[in-house]
Amino acid sequence: MDWLSTLTAGGLVQQFIVGLSRSTILFIVSSGLSLVLGVLRIPNVAHGSLYMLGAFLCFSIASLFDNSSMGFWIGLALAPFCVAFVSLVAERTLFSRLYDREHLMLLLFTFALMLLCRDAVKIIWGSEYRSLAPPVALQGSFSVFGMLLPKYNLFLLGLGPFVAVGLWFLTQKTKIGKIARAAAVDRDMVGAVGINVSWVFAFVFVIGCFLAGLGGALVAPTQNINQGMDHTLIMEAFLIVIIGGLGNVWGALLGALIFGLTDSMGILVWPQFSIVFPYAVVVIVLIFRPTGLLKSTW
Amino acid sequence: MKRSLISIFALFISAVIVVWSVPVQAADEIKVGIIDTYSGPPSSYALDVLDGFKLAMNKINASGGVLGKKLAYVTRDDKFKVDLGLTSAKELIMRENVNLLVGTINSAVSLAVSDLAKKEKIPFIVTYGKSSNITGAKGHKFVFNMNENTEMIGKAAAIGLSKRPFVKYWIAGDDYEYGHAVADGVWNHLKKIKPDVQLMGQSWWKVGEPDFTPYITSILSAKPDAVIVATGGAGCIPFLKAAKNTGFNEKIPMFMHTATELSTLRPLGLDAPEGVIGTSNYYFYFPETDANKVFVEEFRKAYDRYPSFGSLIGWYTANFIAKAYEKAGKVDAEKFAEALTGLSIDTPIGPLTVGKFDNQLMLPMFMGVTKKVAGYDFLIASEIMTIPAQEIVTTEEEVKKAREQK
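Just so we're clear, the structure is a prediction, and the values are computed from it rather than from any experiment.

Conventions adopted
- Residues numbered from 1 in each chain as written.
- Chains lettered and ligands numbered in written order.
- Predicted model: local features only at pLDDT ≥ 70, side-chain atom pairs only at ≥ 80, totals over all residues.
- Helix = DSSP H or I, 4+ residues; strand = E, 2+ residues; numbered from the N terminus.
- Rg over C-alpha atoms; globule rule 2.2 N^0.38 Å.
- Buried ≥ 20, exposed ≤ 12 C-beta atoms within 10 Å, placed from the backbone.
- Contact = placed C-beta atoms within 7 Å.
- Nonpolar A, V, L, I, M, F, W, Y, C, P; charged D, E, K, R; others polar.
- Pairing = 2+ DSSP bridges.
- Axes fitted to C-alpha atoms, helices over the stretch in contact; angles between N-to-C directions.
- Parallel < 35°, antiparallel > 145°, perpendicular 65-115°, else oblique.
- Left-handed = near helix turned anticlockwise from the far one by under 90°.
- pLDDT = per-residue confidence, 0-100.

Draft legend 1. Broad picture of the overall build of chain B. A count of helices and strands for chain B gives 15 helices and 15 strands. Since a compact globule built from 406 residues should have a radius of gyration of about 22 Å, the 23 Å found for chain B is in line with a globular shape. Over its C-alpha atoms, taken along the principal directions, chain B stretches across nearly 85 × 50 × 50 Å. When each of the 406 residues of chain B is scored for burial, the buried share is 52%.

Draft legend 2. Local environment of the overall build of chain A. In terms of helices and strands, chain A carries 12 helices and two strands. For chain A, the sequential pattern of α-helices and β-strands runs α-α-α-α-α-β-β-α-α-α-α-α-α-α. At 20 Å, chain A has a C-alpha radius of gyration in line with the 19 Å of a compact globule built from 298 residues. By its C-alpha atoms, chain A is 65 × 50 × 35 Å across when sized along the principal axes. Evaluated residue by residue, chain A yields a buried proportion of 48% over its 298 residues. Considering only residue pairs separated by 6 or more positions, chain A has 79% of its internal contacts joining residues 24 or more positions apart.

Draft legend 3. Structural detail: the interface of chain A and chain B. Contacts between the two partners involve 37 residues from chain A, matched on the other side by 31 residues from chain B. Looking at the side of chain A that touches chain B, the elements with two or more residues in it are α1 (2-6), α2 (9-40), β2 (147-150), α6 (151-172), α10 (229-244) and α11 (249-269) of chain A. The dominant element in the side of chain A that touches chain B, judged by the number of residues it contributes, is α2(A), at seven residues. In terms of residue class, the side of chain A that touches chain B is built from 13 nonpolar, 20 polar and four charged.

Draft legend 4. The sheet that holds strand β4 (residues 124-126) of chain B, seen in detail. All names here are of chain B. As summarised here, the arrangement of the five strands in space is β2-β1-β3-β4-β5, forming an open sheet in which the pairing is parallel. Both edges of this open sheet fall to β2 (70-77) and β5 (143-145), since each of them pairs with a single strand only. Within this sheet the neighbouring strands show an average axis-to-axis angle of 25°, counted without direction. By the bridge criterion, eight bridges tie strand β1 (residues 29-36) to β2 in an arrangement that is parallel. In the sheet register, Ile 34 faces β2, and the bridge partner there is Thr 75.

Draft legend 5. Main features of unusual backbone geometry. Residues and elements named next belong to chain B. Residue Thr 104 follows Gly 103 across a cis peptide bond; omega there is -15°. Tracing the backbone shows Thr 104 in the loop between β3 (100-103) and α4 (107-120). Between Phe 286 and Pro 287 the backbone carries a cis peptide bond, its omega angle lying at -5°. Residue placement: Pro 287 occurs in the loop between β10 (277-280) and α11 (290-303). With phi around 50°, Lys 223 is a residue other than glycine that occupies positive phi space. Tracing the backbone shows Lys 223 in the loop between α7 (213-222) and β8 (226-230). Residue classification places Lys 223 among the partly exposed residues on the basis of 15 C-beta atoms within 10 Å.

Draft legend 6. Spotlight on the packing of helix α5 (residues 150-162) of chain B against helix α6 (residues 177-193) of chain B. Residue and element names in this part refer to chain B. Between α5 and α6, the shortest axis-to-axis distance is 7 Å and the interhelical angle comes to 45°. Viewed along their axes, α5 and α6 adopt a mutual orientation that is oblique. The handedness of the crossing between α5 and α6 comes out as right-handed. Seen from α5, the contacting residues are Thr 150, Glu 151, Ile 153, Gly 154, Lys 155, Ala 157, Ala 158, Ile 159, Leu 161 and Ser 162; seen from α6, they are Tyr 178, Ala 181, Val 182, Gly 185, Val 186, Asn 188, His 189, Leu 190 and Ile 193.

Draft legend 7. The arrangement of the confidence of the model for chain B in detail. Residues and elements named next belong to chain B. Averaged over every residue, the pLDDT of chain B is 89; residues scoring 70 or more account for 92%. Across chain B, the element-wise mean pLDDT spans from 61 in helix α1 (residues 2-21) up to 97 in β4. Interface confidence in the predicted complex, given as ipTM, is 0.78; pTM for the same model is 0.80.

Draft legend 8. Representation of the packing of α2(A) against α7(B) within the structure. Look at α2(A) against α7(B): their axes get within 9 Å of each other, and the N-to-C directions meet at 175°. Considered as vectors, α2(A) and α7(B) are oriented roughly antiparallel to each other. Between α2(A) and α7(B), the contacting residues are A:Gly10, A:Gly11, A:Gln14, A:Gln15, A:Val18, A:Gly19 and A:Arg22 on the first element and B:Thr213, B:Pro214, B:Thr217, B:Ser218 and B:Ser221 on the second. A per-class count over the contact of α2(A) with α7(B) returns two nonpolar, nine polar and one charged.

Next comes the structure, spelled out in structure tokens:
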């Protein structure tokens, strides 16, 4: 048990903070997935593709500005909106015709869309690895009590609560959020009181995809941007949504925290078998709460 | 009427097949079939090999060719897949009538094609596969390896690292065959040379792991003296990027085999971390010999970029082929294989010899440390230390042992 002797309080805190910042990305992406799943009842497998698209767009926009720090900020600001626009077009032309179909059809359709997106990315950006540096101000790390806290991860950590509060405000306090929640419960009734459900759905879908694009743009400086990044993420995002409770945005937050923290803590405690930890937790949660930790909207 | 139409059609088809299967090879050329990965991320390595090969081939042909014949080549893309590589190899032998096969970057493809080469008695020269099984356990008369292998990497890294003051090590890498082979190679040899080294722990992540930050911070809390990073093609660049972003390279020294290679450092530009220890068989700026300067000059003139190790492999592979045929005296597979075994030629990194008992090219290794140097828009290796080929090649006993064990 050599590794136990190396565990220190500082190491635990440091690992906890890195895990939290990873949870932030997972939360942003899976809350979008959960929103679409809860309101539109679409298991959107192509959600990961939009995340990948967000990362590639952020890279391309930043490289238009010579990869300067300003370029990254502009990329981060614009890429999610570009992804949202793409999703709006997809929703109006394709998804809106499919809402009444059974889930299996929708699953197959979004799967096909995922394959198309992957090839589109390959045609546009090629299959080489892309790399984007974080802005100069967020490079390197702070040294606090011997702990090494990467600046970019702290930035992600600070951003998480804003996204969570923004989502809470949108779904609980705005009119369209209330309508969307009502539509999630009974879409026929909402239609019956004279609301154009189709546009409510479009709005929710675009918000969900915006979050995927935002997650992709945020993650771009921390990893290499390549064609495989969609499928690693979509698996994790679905697991998070399932353990949190299908369609429940707060469930996604809880799931992302559990997933991100067990992942990073597992790496600290038992690095050789760290891959197993988050999945083991998913299994345990599903044994005791088969419908997820929080109330599912399905 | 219908029947006659069908028979005309059948006649046409068979005519096409007959015409196609007529040997395309002209009598006055030696045809090399190159199988490699020309699509996807590994293609940048494969294209470097091909350009180096073309450079040498054009020069050989300009000065009269080999045995009065011209060298020529055809390429096939294996898309990094074993089945495709094997089909291409068969097609090259049957339809293109190639005299020998060259390739590939994927060790699994190399091993599969090597099996075919053994059956068909056709020479196969591996360019970028790094598995030590190619010329070790699975070696035979017709297969040659022009690249370093995981055993050689292990020995060279162990020799280099043993001269540094590190005692407590951590091993981290991609959880697949190459990652473990490199890590085991380095560690086993290091323990032999310097018995007091300790292994504090290991981290293995899945191939294609998106985020290395949690792994890096966990290694930081363990505070080893140095880390051996065993990442393959896909993991090198993102790991170095994460090391730079977190400031890891400034806290703990790390060794990564390919860290100082041009193919790794060029894509990272000035975002690469400084102070990373790496081994490579070639730098375009080292050794500073006239032969190397001439090679770099010619390569830059032809392709407008610096040559990588891959370019050098392609270059000397073509030269080895030419010299082996001249020594054999005629275009014959068996004679060629016998001639190439133990053959030496002069190269930009000095004279190189093909191993007598395993057909593995005996390459020296250079260990360097990444550094920003004015004049380059990417990092280069500094404090370069040469590890001679004799110290890292597999011995006759090791080859015998490996081949008996299979």
